[in-house]
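Chain residues, written in single-letter form:
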Amino acid sequence: FDTPTDEQFTNRYCNDPTAINFNHGFPGTADNSICIYPTDVFTGTYQLKDSIYNGEFELDTVLDYTVKFHTVSLTKLKLSGFCIYGDTVRLTADRYYKAAVDSTLVLPDSNMYEGHIFCSGLDTIRGTINKYKNDSNKIRINFIIASDTGVNYHIGTGVKM
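What counts as what
Residues numbered from 1 in each chain as written. Predicted model: local features only at pLDDT ≥ 70, side-chain atom pairs only at ≥ 80, totals over all residues. Heavy atoms only, no water. Phe/Tyr/Trp six-rings, centres within 6.5 Å; stacked < 30°, edge-to-face > 60°. Lys NZ or Arg CZ within 6 Å of the ring centre and 35° of its normal. Salt bridge = Lys/Arg side-chain N within 4 Å of Asp/Glu carboxyl O. Helix = DSSP H or I, 4+ residues; strand = E, 2+ residues; numbered from the N terminus. Buried < 20%, exposed > 50% of the residue type's maximum accessible area, 1.4 Å probe, protein only.

With that settled, the discussion passes to the packing of aromatic side chains. Per the stated rule, a full pass over the model turns up seven aromatic pairs. The structure contains a cluster of three or more aromatic residues connected by ring pairs, namely Phe42, Tyr46 and Phe69. Lying across the ring of Tyr132, Lys138 places its NZ or CZ 6.0 Å from the centre.

A few words on the pattern of salt bridges. All chains considered together, the criterion is met by three salt bridges. The partner of Asp64 in a salt bridge is Lys49, with the nearest N and O atoms 3.8 Å apart. Residue Asp64 is located in strand β4 (residues 59-71), and its partner Lys49 is located in strand β3 (residues 44-53); the two are separated by 15 residues in the primary sequence. We classify Lys49 as partly exposed; its relative accessible area is 43%. Residue Asp102 pairs with Lys76 through a salt bridge whose shortest N-O separation is 3.6 Å. Taken together, the positions of Asp102 in the loop between β7 (98-101) and β8 (116-118) and Lys76 in strand β5 (residues 76-80) put the pair 26 residues apart, joining distant regions of the chain.

Following this line, the structure appears as structure tokens:
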């Protein structure tokens, strides 16, 4: 067996399993002040280019707009600017650079839909936002919005402002 040296314990490492950098730098001295949490990588304002496809997956509209992430906790976020009525998209971020839309099952007309009620009150949204690990200034959205008029797929990229 190798005997540990004093140099191996001069490193500081994050000892919180919720953090993205959990155990990076181990062995060493635990120091949670250096932890990077899932919401940390998403914070900020982004210019988003959103390609909207209809239920047959035909390109319908391309929109450019600004969205902003608001931190609620170490893993919870709200995304504003996506809905013109001011609603926020509720998300849960994980340590793998992904934020998933929080899900609430609703039963309109005895049909069960995944997602949460959004925008007009007749829509539900589900999907994910991924952060590019190699480019801290980019995100990718992949949402499905079901409404009274049908299903739309939102696929796009955002650049941090």
